[in-house]
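A look at the structure
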Amino acid sequence: MEKDMEQMFQERIDKEIRIEPKDWMPEKYRQTLIRQISQHAHSEIIGMLPEGNWITRAPNLRRKAILLAKVQDEAGHGLYLYSAAETLGISRDEMYEQLHSGKAKYSSIFNYPTLSWADMGAIGWLVDGAAIMNQVPLCRTSYGPYARAMVRVCKEESFHQRQGFEILLTLSRGTEAQRRMAQDAINRWWWPSIMMFGPKDDESPNTIQSMKWKIKRFTNDELRQKFVDICAEQIKILNLTIPDPDLKWNETTGHYDFGPINWDEFWQVIAGNGPCNKQRLDARKKAWEDGAWVREAASAHARKRAERLAQ
Ligand code: FAQ
């Protein structure tokens, strides 16, 4: 019986029919989506912290307003994604609990510090750039609520990517110190951005099944290669360099070759040993605890309102 259902489910996927919350789905499909969507949501929420660090120090009012809007967009993305995950039968409180206890992951990239204003440029160009590369195909992911959430998220991420590139472009045309600051930010963010796409395909336990279910449309390595190819061209406009001596156009493959990735660093960061893991989680836990009175007040208000309406 279960086997027949699974076969019918796979046939729907193969025919590109979207799966909706009330449709039958294999338990493993549900769990994979809860894992991926909730970790994606956590990444957006934790991802507010490195840039939040620079809101009060933006170089002028225009830059401050743009950065503030970008960080607010990230909060919005996190909330959409939590809502999409809730349609799979997990509560928001459970997801927060998994984040705070360290059970759920969030993107490795947000465990690196933001040391200068140029980091806002590098995050926009590289981190949002990598996020878009990964998320545009997710607009066609097989689970309806996730796919629909991604449409608006991708539009906003495109704006984020451009504002980052524009910060770097301005710095790259500035004084020698500003150029150096932009180059230093690219040097520090390049490799961690490359790692955002996840482990190499032959070390990615989830890719094969997620591709079969069309949750993922491209493998980690395919997306990483597309990202490298685009950045290798865009850096020419900045007249700066990507910190990889092996980055070279390969006529035969029609792609850029790139140097070895430090996978040890990647697994260390994921295991909680990156430069800012503790700081990031502590900040989230503190925000959760400090917000307890707001949640209590909102619930009390809702309860009183419901009582009044019932009278
Ligand atoms: N960091 O078998 P795979 C953003 C984990 S949003 C941490 O390949 P999968 C916006 C993975 O979870 C950025 N953990 O896994 C923004 C799994 O562990 P688990 C977030 C990672 O799921 C910009 C294990 O390694 N985007 O940046 C990472 O098939 C600027 C084995 O890996 C998304 O979440 C990593 N980098 O493929 C915000 C997109 N990579 O769970 C603020 C949606 C892998 O089994 C500022 N997610 N792991 O314990 C995906 O597309 C996929 O989940 C992948 C990983 C591609 C990330």
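The notes below deal with the structure included here. Everything quoted here is computed from the prediction, not taken from an experiment. (Residues numbered from 1 in each chain as written. Predicted model: local features only at pLDDT ≥ 70, side-chain atom pairs only at ≥ 80, totals over all residues. Heavy atoms only, no water.)

**Points about unusual backbone geometry**
- A positive phi angle, close to 65°, is found at Glu16, a residue other than glycine.
- Note on Glu16: relative accessible area 46%, which makes it partly exposed.
- With phi around 55°, Asn239 is a residue other than glycine that occupies positive phi space.
- Counting through the fold element by element, Asn239 comes out in the loop between α10 (220-238) and β1 (248-250).
- By relative accessible area, Asn239 is classed as exposed at 55%. (Buried < 20%, exposed > 50% of the residue type's maximum accessible area, 1.4 Å probe, protein only. Helix = DSSP H or I, 4+ residues; strand = E, 2+ residues; numbered from the N terminus.)

**Focus: the nonpolar core**
- In this structure, Trp117, Trp125, Trp189, Trp190, Phe227 and Leu238 are the most contacted members of the largest nonpolar core, which totals 51 residues.
- Every element with two or more residues in this core is listed here: α4 (61-86), α6 (118-135), α7 (144-172), α8 (176-195), α10 and α11 (263-273).
- Considering every element that reaches this core, the biggest residue donor is α6, with 9 residues.
- Setting aside residues no more than four positions away along its own chain, Trp125 makes contact with Gln161, Gly164, Phe165, Leu168, Ile186, Cys231, Gln234, Ile235 and Leu238.
- Ile19, Leu33, Leu81 and Ala85 belong to the second largest nonpolar core, which has 27 residues in total. (Core = buried A, V, L, I, M, F, W, Y, C linked by side-chain atoms within 4.5 Å. Contact = heavy atoms within 4.5 Å.)

**Some words on a positive patch on the surface**
- A cluster of basic residues, Arg303, Lys304, Arg305 and Arg308, forms a positive patch at the surface.
- Structurally, the position occupied by Arg308 is in helix α13 (residues 292-310). (Patch = residues over 30% accessible without salt bridge, like charges linked within 9 Å, V, L, I, M, F, W, Y side chains within 5 Å. Areas by Shrake-Rupley, 256 points an atom, 1.4 Å probe, with all protein chains shown as cover. Salt bridge = Lys/Arg side-chain N within 4 Å of Asp/Glu carboxyl O. Lys, Arg positive; Asp, Glu negative; His and termini not counted. Charge placed at Lys NZ, Arg CZ, Asp CG, Glu CD.)

**Some details on the pattern of salt bridges**
- If you walk through the whole model with that rule in mind, you get 19 salt bridges.
- Put simply, Asp23 and Arg12 hold a salt bridge, and the shortest N to O gap is 3.3 Å. With Asp23 in the loop between α1 (2-14) and α2 (27-46) and Arg12 in helix α1, the pair connects residues that are 11 residues apart, well separated along the chain.
- Of the residues examined, Asp23 reaches a relative accessible area of 21% and is grouped as partly exposed.
- A relative accessible area of 28% means that Arg12 is categorised as partly exposed.
- Across the pair Arg63 and Glu166 runs a salt bridge whose closest N-O atoms are separated by 2.8 Å.

**Let's talk about the packing of α7 against α10**
- Closest axis-to-axis distance for the α7/α10 pair is 9 Å, and the angle between their directions is 40°. For the element pair α7 / α10, the angle class is oblique. When α7 is examined against α10, the residues Gln161, Phe165, Leu168, Leu169 and Ser172 are found in contact with a partner set consisting of Gln234, Ile237 and Leu238. (Axes fitted to C-alpha atoms, helices over the stretch in contact; angles between N-to-C directions. Parallel < 35°, antiparallel > 145°, perpendicular 65-115°, else oblique.)

**Some remarks on the packing of α6 against α7**
- Between α6 and α7, the shortest axis-to-axis distance is 7 Å and the interhelical angle comes to 145°. As for the relative orientation of α6 and α7, their crossing is left-handed in sense. (Left-handed = near helix turned anticlockwise from the far one by under 90°.)

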